[in-house]
Amino acid sequence: AEVLYKWKYEDNPINDTITLLAVNSNEEIIAGAFLMPWKLSIKKKSRTALQWVDMFVNLEYRGQNIAARMLENFEKSTYNITFAFPNHNGTMVHKKNNGIHLGLIVRYTKLLNAKYLIDRFIKVRILSKALSLIGNIFLKLFSREIYCFNPNRFTIKKVENCGKEFDEFWSRFTNRFDNKVIT
């Protein structure tokens with residue numbers, strides 16, 4: 001959790017994450033929300049935005065409209081777009097705070113290794129291995145992108161900044177979605 005927090009909030013290559021904290025009279029943190037910077041493409045125009053992520057409120061302080069109080073004290077920043085992907089319970093909080101519910105958000109992902117997906121549904125190890133092998137053969141045959149037979153041959157590097165390869169990747173997809181919002 002600590003590594004994820006550091007990567008997501010402290011080392012974000014776009015900008016610093018804004019942290020909103022609520023404290024009680026004893027100076028104990030009772031609620032927090034993070035506004036993480038994003039780069040968006042809206043109808044092929046690049047914009048910066050904030051995503052409201054990972055809000056928490058201590059159980060004994062729930063129902064006291066803490067989110068609204070935190071947002072009231074949040075100074076308007078240079079970001080003119082703030083968005084969130086709230087869970088079922090969070091949607092009500094966002095609507096109360098002038099959020100507009102846009103409906104279902106579709107997330108596209110590319111499967112690189114069939115084993116990940118098959119292991120979630122097939123618990124018999126030998127059957128899972130056989131189906132994963134067949135699935136990976138299909139990925140290799142029909143995928144126009146890079147597939148991943150053995151993820152262990154790759155190393156993971158910490159991203160310190162967004163180089164030109166990220167811009168090229170971004171450009172490839174922004175041109176495919178003329179009238180959409182992509183992140």
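Since we're looking at a predicted model, the values are computed, not measured.

Asker: Which residues make up the pattern of salt bridges, and what values go with them?
Answerer: Where side chains of opposite charge bring their charged atoms close, a pairing between them can arise. Taken as a whole and judged by the stated rule, the model has 1 salt bridge. When the shortest N-O distance is used, the salt bridge between Lys-115 and Asp-119 registers 2.5 Å. Of this pair, Lys-115 and Asp-119 both sit in helix H4 (residues 114-121), 4 residues apart, which is roughly one turn of the helix. Overall, Asp-119 belongs to the partly exposed group, its relative accessible area being 27%.

Asker: Could you give an account of the packing of H4 against helix H5 (residues 125-142), naming the residues involved and the relevant values?
Answerer: Where H4 contacts H5, the axes come no closer than 8 Å and their chain directions differ by 145°. Considering how the two elements wind past one another, H4 and H5 form a crossing that is right-handed. Judged by residue contacts, Ala-114, Lys-115, Ile-118 and Asp-119 of H4 engage Ser-128, Leu-131, Ser-132, Gly-135, Asn-136 and Leu-139 from H5. Here the contact of H4 with H5 is composed, by residue class, of 4 nonpolar, 4 polar and 2 charged.

Asker: Tell me about the confidence of the model for the protein, and name the residues and values.
Answerer: Averaged over the protein, the pLDDT score is 76; the fraction of residues at 70 or greater is 75%. Between the elements of the protein, mean pLDDT differs from a low of 67, seen in helix H1 (residues 2-10), to a high of 89, seen in H5.

Asker: How would you summarise a nonpolar patch on the surface if you had to cite specific residues and measurements?
Answerer: Side chains of Val-124, Ile-126, Leu-127, Leu-131, Leu-133, Ile-134, Ile-137, Phe-138, Leu-141 and Phe-142 sit close together on the surface and give an oily, nonpolar patch of about 1000 Å² of accessible area. As for its position among the elements, Leu-131 is in helix H5.

Asker: Lay out the side chain of Gln-51 with the relevant residues and their values.
Answerer: Following the sequence through the fold, Gln-51 ends up in strand E3 (residues 45-57). One polar contact links Gln-51 to Trp-38, side chain to side chain, over a distance of 2.6 Å. Those residues within four positions of Gln-51 in sequence are excluded, and the remaining contacts are Phe-34, Leu-35, Met-36, Trp-38, Phe-83 and Phe-85.

Asker: Can you explain the pairing of E3? Please cite residues and give values.
Answerer: Across 11 bridges, strand E2 (residues 29-42) lies against E3 in antiparallel orientation. Opposite Phe-34, over in E3, you have Val-53 as the bridge partner. Between E2 and E3, which pair antiparallel in sequence order, lie 2 residues; one of them, Lys-43, sits at a positive phi of approximately 50°. Two elements, E3 and strand E4 (residues 82-83), share 2 bridges in a ladder whose sense is parallel. In the strand pairing of E4, Leu-50 is matched with Thr-82.

Asker: Lay out H5 with the relevant residues and their values.
Answerer: For H5, with 18 residues, the first-to-last C-alpha span of 25 Å sits near the 26 Å given by 1.5 Å per residue. Every buried residue of H5 is accounted for by Ser-128, Ser-132, Gly-135, Asn-136 and Leu-139. The arc that holds every buried residue of H5, seen down its axis, measures 105°, which confines them to one face. For H5, the exposed residues lying more than 90 degrees away from the buried face are Ile-126, Leu-133 and Leu-141. On the buried face of H5, the contacting elements are H4.

What counts and how
- Residues numbered from 1 in each chain as written.
- Predicted model: local features only at pLDDT ≥ 70, side-chain atom pairs only at ≥ 80, totals over all residues.
- Heavy atoms only, no water.
- Salt bridge = Lys/Arg side-chain N within 4 Å of Asp/Glu carboxyl O.
- Helix = DSSP H or I, 4+ residues; strand = E, 2+ residues; numbered from the N terminus.
- Buried < 20%, exposed > 50% of the residue type's maximum accessible area, 1.4 Å probe, protein only.
- Axes fitted to C-alpha atoms, helices over the stretch in contact; angles between N-to-C directions.
- Left-handed = near helix turned anticlockwise from the far one by under 90°.
- Contact = heavy atoms within 4.5 Å.
- Nonpolar A, V, L, I, M, F, W, Y, C, P; charged D, E, K, R; others polar.
- pLDDT = per-residue confidence, 0-100.
- Patch = residues over 30% accessible without salt bridge, like charges linked within 9 Å, V, L, I, M, F, W, Y side chains within 5 Å.
- Areas by Shrake-Rupley, 256 points an atom, 1.4 Å probe, with all protein chains shown as cover.
- Polar contact = N/O pair within 3.5 Å; in protein donor to acceptor, adjacent residues only side chain to side chain.
- Pairing = 2+ DSSP bridges.
- Expected span 1.5 Å × (residues − 1).
- Arc of directions from axis to C-beta.

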